[in-house]
Amino acid sequence: MSGPQGMTGTVAPGRAMSTIEVVDVAAADMERFVAISLAFFGEAPPDEGLGTLHQTLNRSLVARLDGEDIGTAAVIDFQLTLPGGNRVPMDGVTWVAVSPVARRRGAMRAMMNDMLEHARARRIPVLGLGASESLIYRRFGYGVASHIGIAEIDTAHAALRVPFTDPGHVRMQALDGAVAIFLDIEGRQTDRVGGINRAESSWRRILAGAAKARDGMSPLQVAVHVGADGQVDGFVNYRVEQRWPDEIADGVTHVHELAALNLDAHVALWQHVLSMDLMEHLRAERYWLDDPIKHLLLDGRRLKVKSHDDLHLRVVDVVAMLQARRYSREDALVIEVRDPAAADIAGRYRLEGGLEGATAAPTDAAADIVLDAPSLGSLMLGDVSAAALHRAGLIEEARDGAVRRASAMFSWSPRPWLNYMF
Ligand SMILES: CC(C)(COP(=O)(O)OP(=O)(O)OC[C@H]1O[C@@H](n2cnc3c(N)ncnc32)[C@H](O)[C@@H]1OP(=O)(O)O)[C@@H](O)C(=O)NCCC(=O)NCCS
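These numbers come from a predicted model, not from an experiment. (Residues numbered from 1 in each chain as written. Predicted model: local features only at pLDDT ≥ 70, side-chain atom pairs only at ≥ 80, totals over all residues. Heavy atoms only, no water.)

J.: When you look at helix H11 (residues 402–410) in this model, what are you seeing that I'm missing?
T.: Quick reminder: α-helices carry 3.6 residues per turn. Residues three or four places apart thus point the same way. Within H11, 7 of the 9 residues are buried, which leaves it mostly tucked inside the rest of the structure. Taken together, the buried positions of H11 are occupied by Ala402, Val403, Arg405, Ala406, Ser407, Met409 and Phe410. (Buried < 20%, exposed > 50% of the residue type's maximum accessible area, 1.4 Å probe, protein only. Helix = DSSP H or I, 4+ residues; strand = E, 2+ residues; numbered from the N terminus.)

J.: What am I meant to see in the packing of aromatic side chains here?
T.: Given two aromatic rings, one states the distance between the centres and the angle between the planes to describe the pair. Under the criterion given, the structure shown has 9 aromatic pairs. Aromatic side chains phenylalanine 78 and phenylalanine 422 sit 4.9 Å apart centroid to centroid with 45 degrees between the ring planes, which places their arrangement in the tilted category. One end of the pair, phenylalanine 78, is in strand S5 (residues 68–81); the other, phenylalanine 422, is in the segment after H11, and 344 residues separate them in sequence. You can call phenylalanine 78 buried: its relative accessible area is 3%. Judged by centre distance (6.0 Å) and plane angle (85 degrees), the rings of tryptophan 203 and phenylalanine 235 are edge-to-face. (Phe/Tyr/Trp six-rings, centres within 6.5 Å; stacked < 30°, edge-to-face > 60°.)

J.: I would appreciate a short explanation of the sheet that holds strand S9 (residues 147–154) in the present structure.
T.: Sheet strands pair by backbone hydrogen bonding; their relative direction is either parallel or antiparallel. Spatial strand order, S10-S12-S13-S14-S15-S9-S16: 7 strands in an open sheet with mixed pairing. Each of the sheet's edge strands pairs with one partner strand only, and the pair in question is strand S10 (169–173) and strand S16 (304–309). Averaged over all pairs of adjacent strands, the angle between their axes in this sheet comes to 25 degrees, without regard to strand direction. Examined bridge by bridge, S9 and S16 share 6 bridges and lie antiparallel to one another. Counterpart to isoleucine 150 in the pairing with S16 is lysine 306. Against the sheet, helix H4 (residues 178–188) engages S10, strand S12 (221–226), strand S13 (232–241) and strand S14 (251–260), with an angle of about 120 degrees to S13. (Pairing = 2+ DSSP bridges. Axes fitted to C-alpha atoms, helices over the stretch in contact; angles between N-to-C directions. Contact = heavy atoms within 4.5 Å.)

Below, the structure is given as structure tokens:
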């Protein structure tokens, strides 16, 4: 089905049979690509223009039918941190949208196939994405690999259990110069499983509209923590929303991202956003579900957390992915992977691994567990247990006790946390 310009698909009945062609967009056309994609999503271009949007993309695809652009998808190159701290290249899939008048005719499928093929050709071991609806991507081999929280607390109830004395200090950081700090902290945060490393262009994109007020909120505020050694070791990005019902301060601090290299920086930055004058509430939309702040609060129940699926992973190279991560329990398992969409990814693999390292190779030995490609993706970061997938009918136990062993091996603590949804 693959043509010289990319993957193709056949349009379903209901319209004269035509072929959907997937075309790689030349760098010069990237700005137009973004404009088309936004239109398919039904969104207006951002105030700051399209310039910084397309600069974050490494590869952009357009699906065409009879010469007409009907769909878009793009890939951003990331490094994904796995349990144990190794980083692997990940193709981040984004900007997937199809024209409202061309949906359910296979345009997305053609683009998803193209991105899988392209990742394979470039020896990228895994693809990742965030789904607008969680039911869309399983059919393409993607499984939910991590979750994220939305956390809210009334700041009057945010006292810490033990008073915290900061050995360093927090200072505000001008937006100019912030990118170098973001890159530095992110590059050194090796223990953040499930996180990605962003290129400078992604950070510039994040800061593109930062100096402007938005949706009733202030411009983006950046605070950094300076350790006792004088080195910056964390940052928090937030906007404040002033609210004055009946002349009483009732504002909200909206935390976008908090990253810290040690516990002092972590607590100091939380304390900064929790103790803002005039802000009676705090809302964090990318809350780490294992954030220690929950346990540091005197009245932890006051921090209300709702969670949802976040990063979905599609394993492309089973051996590379199994070998790159570390395992909580030393053991060996034969895993049979079923993958109707990719016959050469399907097969039986013998995994032997623990905290120090892992080896994996194709094998003819009998399987201990049998699962499909999305379930393999779900196991990759240790956030979804093999036992839960088994109970849901998604993992078959071919040898007694193998699911319990797989759960012990693949589980990981602390929980993974994607720092930025792309
Ligand atoms: C989601 C979207 C990209 C799908 O594009 P599409 O070209 O209509 O999808 P396809 O025709 O290739 O569908 C492939 C399969 O996915 C299913 N599917 C696609 N979108 C679906 C949805 N939103 N809900 C349920 N199933 C969906 C199709 O029914 C089809 O099923 P099949 O495997 O049984 O044949 C399109 O509906 C869209 O642009 N939606 C708005 C933007 C959006 O949500 N983008 C996703 C961002 S993560």
